[in-house]
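Here is how the chains run, residue by residue.
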Amino acid sequence: MINGDVSFWWNQLGRPSVRSALPGSTHADVCIVGAGYTGLWTAYYLKRAAPQLRIVVLEQRFAGFGASGRNGGWLTNSITGGREQYVGANGAQTDKRGVAARFQAAMNDTVDEVIRVAAREGIDADIIKGGEFTVARNAAQLSRLQAAARAEQQWDETDVELLSAAQATSRINVAGTLGAMWHPHCARIQPAKLASGLARVVEALGVEIFENTRVSEILPNRAVTPNGTVEAEYIVRATEGFTAGLTGLERTWLPMNSSLIATEPLGAEVWENIGWNKRETLGDMAHAYMYAQRTADDRIAIGGRGVPYRFGSRTDADGRTPERTAELLGDILHRFFPATIGASIEHVWSGVLGVPRDWAATVGLDPVTGLAWAGGYVGTGVATTNLAGRTLTDLILGVESALTDLPWVNHRVRGWEPEPLRWLAVTALYQAYTRADHAEATRRSTTSPLARVADVVSGRSH
Ligand SMILES: Cc1cc2nc3c(=O)[nH]c(=O)nc-3n(C[C@H](O)[C@H](O)[C@H](O)COP(=O)(O)OP(=O)(O)OC[C@H]3O[C@@H](n4cnc5c(N)ncnc54)[C@H](O)[C@@H]3O)c2cc1C
């Protein structure tokens, strides 16, 4: 195991000074459990809309400790689990595509909303909106990429461009590129700067954040901690990938691990070879996909699946990562960018994200119990958490709005299977994806049937 400083982003920024823990039992109007983006955006919009509310945030470690301080920094418009699942949702017979199109438009706007608020509130999170760039590096990936681009081009809201190999490599010189697609609705960010800035801003608004305060159980109108209980009209569960640690919620969202490495700052001659001048976020069409960004200080941060899931829904300790995972990510880096061979890998870390059984994120409120939640974003929560925060604000204030009408609101799905089935299923799923990627890289020109079967079993769509 290596590193363990939570993430490169926190290492770069410096860990914030610790806020005090909950001093004892208390009452609030709204209690938010978890100080990641979901909890902080909810606190932000709610306090601005209703300054008279007493809002208390309870965080087991420190604000931004979870995925929000560790992610790949793609502020993107992706709808978790894909837009197609919502075509025809809400029984809208006359407007089958309308619901999904509205959701997509809301996600596009959410990317801009985060950028707007960061500018307005003086949060410098190294944001550059260079769009999202996806490469195909073998024939099977290229046919999936072309099909995906054609499908996206059927929608007014997506603005996808298909790029030839020459067009693609003139923008980002990824070795072996056969083609790429790009869309403008994505920005690169420094994740921990956004989390820490948001925490500062909500505190200045009068929200109370208590750190080192772990909630053991969420009950109607009560969040229970070893330090005391917070009673509130509404309790918001914003614990995402850590949700399995709460009593009674062990099978709600599967905690999936994802890992990243970051190189040292790369020199001008390397960047001359690679290009990447618009700071697009970079991904690929592999089943076990990679994701990357060029950081503000000219490193490459590149991520992917390491050990995807730990038996019994255990999560990592402070981002510590198996050496094998760092090696695998280093191999991807060198295959994509041979010019980086010889550059040192200075950081490696991991984080945990929440995967619902149908891979579809949700936000909701039960008005009878006052229990609210948002999460299950899989790998696309950086922007979605903002939409969740604004939606929870409307739900809690009883405002019917264009946001509360979106099809992910109050969506429910069954939980995951008990162990050992859960571990066996996820491990087999990722072995199938890895084998499918290998087959496609070495001999197949079409999508491997292994990946198709794995998609059906997992309920995952591309
Ligand atoms: C390695 C990695 C890379 C990713 N890359 C991207 C990306 O590039 N783009 C993208 O869109 N998405 C990405 N994601 C997903 C995205 O980061 C998350 O969806 C998003 O940050 C979720 O925010 P959150 O506030 O819901 O959860 P978190 O940020 O995980 O926050 C949950 C908080 O709750 C606290 N908590 C948990 N349990 C308790 C408890 N019992 N009591 C008190 N506090 C508790 C935790 O300590 C944590 O601070 C990535 C995720 C990971 C792990």
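Residues numbered from 1 in each chain as written. Predicted model: local features only at pLDDT ≥ 70, side-chain atom pairs only at ≥ 80, totals over all residues. Heavy atoms only, no water.

Chemist: Before we move on, could you go through the pattern of salt bridges and cite the residues and values that matter?
Modeler: Per the stated rule, a full pass over the model turns up 21 salt bridges. For Asp109, the salt bridge goes to Arg116, with nearest N and O atoms at 3.2 Å. Note that Arg414 is salt-bridged to Glu417, the shortest N-O span being 3.5 Å. A cluster of three or more residues bridged by salt bridges with shared partners is formed by Arg19, Glu203 and Glu211. (Salt bridge = Lys/Arg side-chain N within 4 Å of Asp/Glu carboxyl O.)

Chemist: Describe unusual backbone geometry, and please don't skip the residues or the numbers.
Modeler: Even without being a glycine, Asn221 presents a positive backbone phi close to 65 degrees. Tracing the backbone through its elements, the reader meets Asn221 in the loop between β9 (217-219) and β10 (222-225). For Trp359, which is not a glycine, the phi torsion comes out positive at approximately 60 degrees. Of note, Trp359 is situated in the loop between β16 (345-355) and β17 (362-366). (Helix = DSSP H or I, 4+ residues; strand = E, 2+ residues; numbered from the N terminus.)

Chemist: A description of the pairing of strand β6 (residues 179-183) should follow, citing residues and the corresponding values.
Modeler: Here β6 lies mainly inside the structure; five of its five residues are buried. Judged by which residues are buried, β6 turns out to be covered on both faces: Gly179, Met181 and His183 on one side and Ala180 and Trp182 on the other are all buried. Where strand β5 (residues 161-164) meets β6, four bridges bridge the pair, whose relative direction is antiparallel. Bridging from a neighbouring strand, Ser164 pairs with Gly179 of β6. (Buried < 20%, exposed > 50% of the residue type's maximum accessible area, 1.4 Å probe, protein only. Pairing = 2+ DSSP bridges.)

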